[in-house]
Amino acid sequence: MGNLLKVLTREIENYPHFFLDFENAQPTEAELEVWDQVDSVLQESESILSGLQSYKGAGQEIRDAIQNPSDLMHQERAWNSVCPLVIKLKTFYCFSVRLEKALYSLLTCLTCPPYTPTQHLEKEQALAKQFAEILHFTLRFDELKMRIPAIQNDFSYYRRTISRNRINNMNLDIESEVNNEMANRMSLFYAEATPMLKTLSNATTNFVTENKTLPLENTTDCLSTMASVCKVMLETPDTLLFCMRVMVGVIILYDHVHPNGAFNKLSKIDMKGCIKVLKEQPIDNVEGLLNALKFTTKHLNDESTPKNIRAMLQ
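Residues numbered from 1 in each chain as written. Predicted model: local features only at pLDDT ≥ 70, side-chain atom pairs only at ≥ 80, totals over all residues. Heavy atoms only, no water.

A. Representation of the pattern of salt bridges in the model. Using the criterion set out here, one finds seven salt bridges in the structure. For K268, the salt bridge is made with D221, and the minimal N-O distance between the two is 2.8 Å. Here D221 lies in helix α10 (residues 216-233) and K268 lies in the loop between α11 (240-257) and α12 (271-279), a separation of 47 residues in the sequence. A relative accessible area of 28% places K268 in the partly exposed class. A salt bridge links E280 to K276, with the shortest nitrogen-to-oxygen separation between them at 3.1 Å. (Salt bridge = Lys/Arg side-chain N within 4 Å of Asp/Glu carboxyl O. Helix = DSSP H or I, 4+ residues; strand = E, 2+ residues; numbered from the N terminus. Buried < 20%, exposed > 50% of the residue type's maximum accessible area, 1.4 Å probe, protein only.)

As structure tokens, this is what we get:
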């Protein structure tokens, strides 16, 4: 199919096809300001993923400290192991805040009048690519986070120890880095099974709520068209995993902002087709994505969801 992809969209009448070139898209002058802003965030995404991938946790040190409550050496060793990890977790959380702002900027550009969302995606391909890259990163981050239970264990131990030591009036230098308000926000973030996806879902919902004069269809059509693009691009092996993640990401965002969600019969996303192409892949590649559709969507269990769609995700 080559780099230039012709995508047929049954959903968007009056605009039957458009081209997306995710591989070579370059920003036009009109896109450059927003593109630069988003690019400065995306440039850090690989180092964030590397940091998460190398996260080892302080499980043993914490167990030793709990089992030997009066042994100061074990307490200090656990504390000195946990503190650098908490700083790392703060870095990940702060990145999610920047990612949320980047997504908001992209949605503003890709949905504003006078163009339709489909026309935006064709005219502003570099921004569409960045939107896809944000979703790709998000799914990768959450897939990794779900495999690291140490994150919540480490952070829980940190918060318990901080509270205990504050009672004992100990000097806690780390509180200048992670104060109580920051710790509360981080705690809510890491309590989510898929924290980055939750962040983007909230950002998309807030975008719709705060832009009351913008027709809802501008946002939902942008998301459903992206899903269609990715479904067709799944025919190209070299973009397979990228497109699967982006497709699942936009489906989840659509499901959060459309009043009827993504699964009902009137949805502009071919959910049966999307789930089918996911299930045709090796289970190791898609288990996390299927779980994301099962557990982080909003409308899957609605009565309006066809039984065959629900059965496909059992």
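B. How the structure looks around the nonpolar core. Counting residues in hydrophobic clusters, the biggest one holds 96 residues, and the most contacted among them are F131, Y158, M186, I251 and L278. Take this core: its biggest share by element is 17 residues, from helix α4 (residues 72-111). Taken domain by domain, the makeup of this core includes at least three residues from each of domain 1 (26-195) and domain 2 (215-313). Setting aside its immediate chain neighbours within four residues, I251 contacts A227, A262, I269, M271, C274 and L293. (Core = buried A, V, L, I, M, F, W, Y, C linked by side-chain atoms within 4.5 Å. Domains from an automatic or database assignment. Contact = heavy atoms within 4.5 Å.)

C. Representation of the packing of α11 against helix α13 (residues 283-295) in the model. One can describe the packing of α11 onto α13 by two numbers: an axis separation of 10 Å at closest approach and a directional angle of 5°. Taken together, the axes of α11 and α13 are roughly parallel relative to one another. Residues L241, M244, R245, V248, I251 and I252 of α11 lie in contact with α13, whose contacting residues are N285, V286, L289, A292 and L293. Here the residues of the contact of α11 with α13 are counted per class, giving nine nonpolar, one polar and one charged. (Axes fitted to C-alpha atoms, helices over the stretch in contact; angles between N-to-C directions. Parallel < 35°, antiparallel > 145°, perpendicular 65-115°, else oblique. Nonpolar A, V, L, I, M, F, W, Y, C, P; charged D, E, K, R; others polar.)

D. Structural context of the environment of I62. Structurally, I62 is set in helix α3 (residues 59-67). According to the relative accessible area criterion, I62 is buried, its value standing at 8%. Spatially, the C-alpha atoms of I62 and Y158 are 9.7 Å apart, while their sequence positions differ by 96 residues. Residues in contact with I62, not counting those within four places in the same chain, are A78, V82, N153, D154 and Y157.

As far as function goes, none of this settles anything; it's purely spatial.
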